[in-house]
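Summary of the model geometry
Spelled out from the first residue to the last, the chains are:
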Amino acid sequence: MPQSVSGLFSVYASLAASVMLVRSMANEFIPYELRSYLSSAIHYLFSPLSSNLTLVIDEYSGITRNQVYDAAETYLRTKISPSTDRLKVSKTPRQKNFSIAIEKGEEVNDFYEDMKLKWRYVCIEPQNNNHHYSGGGEKRCFELSFNKKYKDRVMGSYLPFVMARANSIKEEEKVIKLYNRDCPMGDDDGGGGMWGSINLEHPATFDTMAMDSALKKMIIDDMEMFVRRKEFYKKVGKAWKRGYLLYGPPGTGKSSLIAAMANYLKFDIYDLELTSIYSNSDLRRILLSTTNRSILVIEDIDCSVEMQDRQQNVDFEAPCSSSRLTLSGILNFIDGLWSSCGDERIIIFTTNHKDRLDPALLRPGRMDVHINLSYCTTQGFNLLASNYLGIQCKYHRLYGEIEGLIENTNVTPAEVAEELMKTEDVDIALDGLVKFLKRKNSQAKDEANGKVEDQETKRQKLDDDKKSLPIKNKRRILRTANPLYFSKGLENEQTRKTREISIAICSTAQYLMKKRRDMDPNSVKSTLSNLAFGNVMAAAARDYQKELIAQDKAQTSSSINQEVDLDELMDDPELEKLHADRIAALKREVEKREALKKQGHGEYREISEGDFLGEVTGSEKVICHFYHREFYRCKIMDKHWKALAQSHLDTKFIKLDAENAPFFVTKLGVKTLPCVILFRKGVAIDRLIGFQDLGGKDDFTTKSLEILLMKKGIISEKEDNEEDDYPESRRKTVRSSVDPDSDSD
């Protein structure tokens, strides 16, 4: 027995020595790759066949984070069962709630349709002798195991479901952030180290905004249409972005509107200050570091930075153009090739002076929607009173007075809100608001009167200089100082009419001076004070015309053209005051017409979809023609609108190509062209569809269209002395009465 045992140990020792020798020789002469392959092959041959398939989802894909890993981490928080043994709990200062995740080695079972799936969280500690993980942290991954027959369904249906569900969870838990380059960066800040952020805790919403309800609804509808039209933007070949221009006086709510838009869409805000950027390359690098589903804000674009104008000829600076921030650099990122680097982005510009912006910035594709935030309205005040005082102000005793003051005073919503915040007592707050509005209205009038007094002082000085000169020079000074005397070469339509009125005034004054010897002076004074000046002028002009005709029969033609002695007329105080009042009235009329022309009145012009809101809400009465370039009846309408726009300056006439404005065509229910919508104070009050209201024929006159619009109250009736200047009127010949004593022409 001992011999057999000793022999057995001898054989075992010999065999072990042989195995060690073979292993040493294999490690020495057989490459590592071949040994690994042989080991895998042997393991595969002798291991039992498994019906399960395992997907490994690593935390990183190369140097970027794996989106599937992030989605699985978020999704599995909702699948933790009571049987789970270990969980991780965390919370950062910027998170609202606790964050729960499974610990390494834990498993979570999930059921999708009729499939059973098992998730397992795996962490691999770094090993110094493994070159793949040396010098780095632990490797984290998820393992997803399921039956092999479900492979296609998992890849095509289950994983997309996990990612979609994770995105919805993130949206529900999202904390909106305000990014700025000057903010300190936290652990959860992205942007490649260029942006720091804080939580956006601005409480502004569309419910609290003191805005016109129609304008508010249009902004919300436009944003909702934008976020759901990803495939549409892809189909038409445009970058998925939207540009807004907010303009208006300071304190009208531009910043609050941006916060309300961010809260409504749950988009992060990137506040970009152009003064901190010195070159186009820096601008591109900074903007490319912003994320999708965000709002980029550039405030006060008109005065943020003095940018090099792209139209200036600065050849000596051309080689270093990349080292400067230029207007072209901004335009190229907003609407050029770089604009496609990112999806679902909104760019908002703000300014207090829209007229100072370069026209290249204003066109559609860069600033698609122009929103005018003007002074506080009655509707805005009602909302502010409800928010700050919790009352329906319409039933308060001071409401009527406040309504009238707000309509006649340029006051911002911020100023009204500040007055309402001073006390919680409703009566005291509204009484203080009334005093504030009266004070502000009085200040505005004083400023206006100051300007008038300055003009009156200059006029008085001119009159004193005129009286100090000889009589023969008075006429020359009068004609030099009077704004009604214009250079004939520079005369336009407005000055021509003004000059004709001045001649009529002088003719009337001449006739009254001739007649006053035969009339009682008190009677003349009473007549001038009791009758409207227009009636006096008309009657005197007719009598003067009759007298001229009589003189023409009795005297030679040379006596008719004798010079009017204005020196004697201007010495009469009553007539001089009458003349000055009429001149002042004409000045006010000219100033009013010029102000309306600056707003786009007096011409029939085409606008873009982005300008629509600003144009409709910027004037009291607006006529908008939705047209198609190829429709014959639309061209007929264009001809009539062009004539009416010149005759009715108080109404704005615009047209909008229906093919390029799908949003407003849908919202306003435009189905038949031509379609003309009538707006009063930004609200559609009526419309003309086709030629139904014009007899259904193409040969209607401009006059008939004008009468129809007068009945609808969208244009004002003309004065008695205004004549039609329409094409069909010019083709007719009007003969004067044969009887020289007749008053009708």
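Definitions and limits used
Residues numbered from 1 in each chain as written. Predicted model: local features only at pLDDT ≥ 70, side-chain atom pairs only at ≥ 80, totals over all residues. Heavy atoms only, no water. UniProt positions renumbered as here; feature names shortened; annotations may be inferred. Helix = DSSP H or I, 4+ residues; strand = E, 2+ residues; numbered from the N terminus. Buried < 20%, exposed > 50% of the residue type's maximum accessible area, 1.4 Å probe, protein only. Contact = heavy atoms within 4.5 Å. Pairing = 2+ DSSP bridges. Axes fitted to C-alpha atoms, helices over the stretch in contact; angles between N-to-C directions. Expected span 1.5 Å × (residues − 1). Phe/Tyr/Trp six-rings, centres within 6.5 Å; stacked < 30°, edge-to-face > 60°. Lys NZ or Arg CZ within 6 Å of the ring centre and 35° of its normal. Salt bridge = Lys/Arg side-chain N within 4 Å of Asp/Glu carboxyl O. Core = buried A, V, L, I, M, F, W, Y, C linked by side-chain atoms within 4.5 Å. Domains from an automatic or database assignment.

Looking up the chain in an unreviewed UniProt entry gives the name AAA+ ATPase domain-containing protein, with the organism given as Hevea brasiliensis. Quoted straight from UniProt, the Cofactor (unreviewed entry) entry for the chain says "Mg(2+)".

The subject of this paragraph is the overall build of the chain. Counting its regular elements, the chain contains 26 helices and 20 strands. Counting across all 745 residues of the chain, residues that qualify as buried make up 37%. A separation threshold of at least 6 residues defines the contact pool for the chain, and within that pool the share at least 24 residues apart is 69%.

Taken together, four strands build an open sheet; the order of strands is S1-S8-S7-S6 and the sheet is antiparallel. Both outer strands of the open sheet, strand S1 (52-58) and strand S6 (107-112), are each paired with one neighbouring strand and no more. For this sheet, the mean angle separating the axes of adjacent strands, direction not counted, is 25°. Bridging between S1 and strand S8 (residues 139-147) involves seven bridges; their strand directions are antiparallel. Directly across from Val56, in S8, lies its bridge partner Glu143. Lying over the sheet, helix H3 (residues 67-75) contacts S1, S6, strand S7 (115-124) and S8, oriented at roughly 75° with respect to S8.

The next subject is helix H23 (residues 632-647). Between its first and last C-alpha, H23 extends 24 Å over 16 residues, near the 22 Å set by a 1.5 Å rise per residue. Restricting attention to buried positions, one finds in H23 the residues Cys634, Ile636, Met637, Asp638, His640, Trp641, Ala643, Leu644 and Ala645.

This part covers the packing of aromatic side chains. Centre distance and the angle of the planes are the two values used to describe a pair of aromatic rings. Scanning all chains against the criterion turns up 19 aromatic pairs. Here the aromatic rings of Trp119 and Tyr158 are separated by 6.4 Å at their centres, their planes lie at 40°, and the arrangement is tilted. One end of the pair, Trp119, is in strand S7; the other, Tyr158, is in helix H4 (residues 151-173), and 39 residues separate them in sequence. Judged by centre distance (5.1 Å) and plane angle (40°), the ring pair of Tyr121 and Phe142 falls under tilted. With a gap of 21 residues between them, Tyr121 in strand S7 and Phe142 in strand S8 connect regions that are remote in the sequence. Comparing Tyr121 with Phe142, the two get one shared label, buried. Members of the aromatic cluster, joined through ring pairs, are Tyr69, Tyr75, Tyr112, Trp119, Tyr121, Phe142, Tyr158 and Phe161. The side chain of Arg229 reaches across the aromatic face of Phe232, ending 3.7 Å from its centre. Positioned over the ring face of Tyr627 is Lys655, at 4.8 Å from the centre of the ring.

What follows deals with the pattern of salt bridges. Close approach of charged atoms allows side chains of opposite charge to pair. The full count for this structure, using the stated rule, is 30 salt bridges. A salt bridge links Arg605 to Glu615, with the shortest nitrogen-to-oxygen separation between them at 2.8 Å. One end of the pair, Arg605, is in strand S16 (residues 604-607); the other, Glu615, is in helix H22 (residues 612-617), and ten residues separate them in sequence. For Arg605, a relative accessible area of 18% translates into the label buried. One continuous salt-bridge network, built from bridges that share partners, spans Glu59, Arg65, Asp70 and Arg140.

In this section: the nonpolar core. Grouped together as the largest cluster of nonpolar side chains are 52 residues, with contacts concentrated most on Leu257, Ile295, Phe612 and Phe626. Counting contributing residues, this core receives three or more from each of domain 2 (179-311 + 324-372) and domain 4 (599-712). If you look at the next biggest cluster of nonpolar residues, it comprises 27 residues, including Tyr179, Leu287, Ala360 and Leu361.

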